[in-house]
Amino acid sequence: MDYFLELFFSGLTRGSIYALIALGYTMVYGIIELINFAHGEIYMIGAFVGLTVAGVLTSFGFPATSIMVLASMAAIVYAAAYGYTLEKIAYRPLRSAPRLSPLISAIGMSIFLQNYVMLAQTSDFISFPSLTPEFAFLDKYSSTIGSSDFLIIVVAAVVMVLLTLFIKFTRMGKAMRATAQNRKMAMLVGVNVDQVISVTFIVGSSLAAVGGVLIASHIGQINFFIGFIAGIKAFTAAVLGGIGSVPGAMLGGLILGWTESFCTGYVSSDYEDVFAFALLVIILIFRPSGLLGKAPIQKV
Amino acid sequence: MLKLKNVNTFYGNIQALRNINIEVAKGEIITLIGANGAGKTTTLMTISGVVPPRTGEVIYDGEPIHKKSPDKIVKMGISQVPEGRLIFPDLTIMENLDMGAFLRNDSAGIKEDMDHAFELFPILYERRKQLGGNLSGGEQQMLAISRALMARPKLLLLDEPSLGLAPLIIRQIFEIVKKINKESGTTVFLVEQNANLALKTAHRGYVMENGEIILSDTSEKLLANEDVKKAYLGL
């Protein structure tokens, strides 16, 4: 039972990170029907900014908890700026172009950002300090859940609740939902669609940055390529849950995390990707639009 | 109130509107009739700023608006009921109406206008908690008109409100359009393929063909015009 719980929580930890990144994919897809392939790189840049800030603050002797908070905040600001700029220069000029063009532009930006970070930083793995405070009340359960697992799960849960409230109750959230359902009509009731798209990129990038800092501190090392792998997994999670659906991305992330974790624990870690992608294939065979996705409506 | 001066609008390289000149006075109902693909919908999208003109001017209340974004134009008092109604399918009727009032902040006034919409179309009140996507065509049209009115427009643009509806519902909707015009003095710009009904509702009309205005006159004269009769009234 302990072993099961350990796998359960490690799956939940992974899944929470996948969900945080998947939200960025799904929100952007919901609004402009684009798979933002450069989203994983935003997550990676978030982790690098977190590392830089953490390094500086450590040398000034800040306590770990405040380093964690400040590093995350810096990562959010930086990643949000990258996401905003990315949309503005790589996607906005192509908005009325055929759908393939922005997709290729996205792949191009992904390769560009990877190589840019590789040249500006290094191609080696860099170790990332563990910034998680030790939670004393978890001592009794240390065999099943560690402090950084706990932190990731709680932060991801809080962030997702806040996001849901934002979409449901704020004016901007209303504008986002309207734009996702019908962009032209949203314009005609007075929604500034350009602004909605920018905010979507900013929010999605911020979530990815939080995920980047949390997981980097959990695993302890980063390099320029982490965004590619995490991006593909999170994209899988988004498709699994139904791309375009916000609760779908959360659910898809968790399911993917658990699949990988239980597979690693009970079968072999060599096969975790096989199980993850096999699950994707099976779900798409029976529910082509994903678990919570909607079948496209035939407009009459 | 609204003036289109030598407007030319393009989709890529294809010219959809050629030298359009239209004038609408305050309090009028005017109609733009013509066949499929004549450029009627493009005319409305040009006025709303969704497809801005390449050359020419759109003047509203003495101010050029052809370079303004759609949200600014809505804010100035021009609302559109687009072709195909474009109801937000996953929002309830009440939320759809609320979206119509997106640029307003006076919650008391919004509530009042929502009640007024329910008075105008009692069926919407009965279904107020249902999703927009589950409504029938006629109900969607009623909702689309009500949603546009939620912005308290001074100028209401209506694109083919009769499309795909039963004759009885069409008559009901046109009665409401006349009522809106009369009671609150809202100026109405009506685009229709159903020329007979449109000309009987409007004060004046424009006839469009291949992106050009070929005729404009009072409704009575257009109804009596031999060419219009032959081409659009099926007489």
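Residues numbered from 1 in each chain as written. Chains lettered and ligands numbered in written order. Predicted model: local features only at pLDDT ≥ 70, side-chain atom pairs only at ≥ 80, totals over all residues. Heavy atoms only, no water.

Some remarks on the overall build of chain A
Here is step 1 of the chain: The secondary structure content of chain A amounts to eleven helices and two strands.
Here is step 2 of the chain: Secondary structure elements of chain A, listed N to C terminal, follow the sequence α-α-α-α-β-α-α-α-α-β-α-α-α.
Here is step 3 of the chain: Taken against the 2.2 N^0.38 rule, which gives 19 Å for 300 residues, the C-alpha radius of gyration of chain A at 19 Å falls within 12% of a compact globule.
Here is step 4 of the chain: A principal-axis box enclosing the C-alpha atoms of chain A has dimensions of 60 × 45 × 35 Å.
Here is step 5 of the chain: Each of the 300 residues in chain A was classed as buried or not, and the buried ones make up 50%.
Here is step 6 of the chain: A fraction of 76% describes how many contacts in chain A between residues 6 or more apart in sequence connect residues 24 or more apart. (Helix = DSSP H or I, 4+ residues; strand = E, 2+ residues; numbered from the N terminus. Rg over C-alpha atoms; globule rule 2.2 N^0.38 Å. Buried < 20%, exposed > 50% of the residue type's maximum accessible area, 1.4 Å probe, protein only. Contact = heavy atoms within 4.5 Å.)

Focus: the pairing of strand S6 (residues 78-81) of chain B
Residue and element names in this part refer to chain B.
Here is step 1 of the chain: Where burial is concerned, the two faces of S6 agree: the one with Ile78 and Gln80 and the one with Ser79 and Val81 are both buried.
Here is step 2 of the chain: By the bridge criterion, four bridges tie S6 to strand S7 (residues 155-159) in an arrangement that is parallel. By the bridge assignment for S7, Ile78 is matched with Leu155. (Pairing = 2+ DSSP bridges.)

Here's the deal with the sheet that holds S6 of chain B
All names here are of chain B.
Here is step 1 of the chain: Reading across from one edge, S6-S7-S8-S3-S9-S10 is the order of the six strands in this open sheet, with mixed pairing throughout. Among the strands making up the open sheet, the edge pair consists of S6 and strand S10 (212-218). Each neighbouring strand pair of the sheet contributes to a mean axis angle of 15°, computed without reference to strand direction.
Here is step 2 of the chain: Sheet analysis places strand S3 (residues 29-34) next to strand S9 (residues 204-209), joined by five bridges and oriented parallel. (Axes fitted to C-alpha atoms, helices over the stretch in contact; angles between N-to-C directions.)

Describing the packing of aromatic side chains
Here is step 1 of the chain: In total, this model carries 16 aromatic pairs over all chains according to the counting rule given.
Here is step 2 of the chain: Centre to centre, the rings of Phe8 of chain A and Phe9 of chain A are 5.4 Å apart; their planes meet at 85°, and the pair counts as edge-to-face.
Here is step 3 of the chain: Of the residues examined, Phe9 of chain A reaches a relative accessible area of 22% and is grouped as partly exposed.
Here is step 4 of the chain: Over the face of the ring belonging to Phe102 of chain B we find Arg171 of chain A, whose NZ or CZ atom lies 4.2 Å from the ring centre.
Here is step 5 of the chain: Its guanidinium or amino end placed over the ring of Tyr125 of chain B, Arg128 of chain B lies 4.1 Å from that ring's centre, counting from NZ or CZ. (Phe/Tyr/Trp six-rings, centres within 6.5 Å; stacked < 30°, edge-to-face > 60°. Lys NZ or Arg CZ within 6 Å of the ring centre and 35° of its normal.)

What to know about the interface of chain B and chain A
Here is step 1 of the chain: Across the boundary between the two partners, chain B contributes 22 residues, which contact 18 residues of chain A.
Here is step 2 of the chain: Of the roughly 2,000 Å² buried between chain B and chain A on both sides combined, carbon and sulfur atoms contribute 65%.
Here is step 3 of the chain: On the chain B side of the contact with chain A, Phe88, Met99 and Phe102 of chain B bury the most area, a combined 32% of that side's loss.
Here is step 4 of the chain: Connecting chain B to chain A are one salt bridge. (Buried area = accessible area lost by both parts, 1.4 Å probe. Salt bridge = Lys/Arg side-chain N within 4 Å of Asp/Glu carboxyl O.)

Examining the nonpolar core
Generally speaking, nonpolar side chains in soluble globular proteins are found buried as a group.
Here is step 1 of the chain: The biggest cluster of nonpolar side chains holds 91 residues, and the ones touching the most others in it are Leu23, Tyr43, Tyr91, Leu163, Val191 and Ile222 of chain A together with Met99 of chain B.
Here is step 2 of the chain: No other element matches helix H8 (residues 193-219) of chain A, which puts 14 residues into this core.
Here is step 3 of the chain: Val81, Phe121, Ile180 and Ala195 of chain B belong to the second-largest nonpolar core, a separate cluster that totals 41 residues. (Core = buried A, V, L, I, M, F, W, Y, C linked by side-chain atoms within 4.5 Å.)

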